[in-house]
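# Notes for the structure review
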Amino acid sequence: MNIDWAALGTVFGVSLVTTVALVGLFTLGIVGLSKQPEPAAQGGPAGTSLLLARAGAYVCFGLCAAAVAYGIYLIVA
C-alpha cells in the first residue's frame, strides 16, 4: 500500500484554505448584520452605511451558501 503524500498534502491545503475562507465570509456576514443604526442618525449617510453593511452581509451569506451547494454537488455528482 502506497500513500501519495503530495496528493494528501494538496487535499489538506485546499481544505484548510477553503475552511478559513468560508469561516471568514460567514464572520463578515455576522458583523454586517450586527451593525445597528445610531439613534440620532436614522436617515442620511448613516442609514446608507447600514444598508451597505446589510447588503454586504447578504452577499457574504450567499457566497457561503453557494460554496456549500457546490461542495454538495461535487460529492453527489
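Just above sits the structure.
Rules behind the numbers
- Residues numbered from 1 in each chain as written.
- Predicted model: local features only at pLDDT ≥ 70, side-chain atom pairs only at ≥ 80, totals over all residues.
- Heavy atoms only, no water.
- Helix = DSSP H or I, 4+ residues; strand = E, 2+ residues; numbered from the N terminus.
- Buried < 20%, exposed > 50% of the residue type's maximum accessible area, 1.4 Å probe, protein only.
- Areas by Shrake-Rupley, 256 points an atom, 1.4 Å probe, with all protein chains shown as cover.
- Patch = residues over 30% accessible without salt bridge, like charges linked within 9 Å, V, L, I, M, F, W, Y side chains within 5 Å.
- Salt bridge = Lys/Arg side-chain N within 4 Å of Asp/Glu carboxyl O.
- Disulfide = S-S within 2.5 Å.

### Some words on the overall build of the chain
Looking only at helices and strands, the chain features two helices and zero strands. Put simply, the chain has 77 residues, and 10% of those count as buried. Accessible surface, the chain as shown: approximately 6000 Å² in total, 76% of it carbon and sulfur.

### Considering a nonpolar patch on the surface
Among the surface-exposed residues, Met1, Ile3, Trp5 and Leu8 lie close enough to one another that they form a single nonpolar patch of about 570 Å² accessible area. By relative accessible area, which is 60% here, tryptophan 5 ends up exposed.

### Section: the environment of valine 68
Along the polypeptide, valine 68 turns up in helix 2 (residues 44-76). Sequence spacing of valine 68 and leucine 22 is 46 residues, and the spatial spacing of their C-alpha atoms is 9.1 Å.

### Remarks on the state of the cysteines
In total, this model carries zero disulfides according to the counting rule given. Here cysteine 60 stays unpaired: no disulfide links it, and the sulfur of cysteine 64, its closest cysteine neighbor, is 6.9 Å away. Using a relative accessible area of 11% as the deciding quantity, one classes cysteine 60 as buried.

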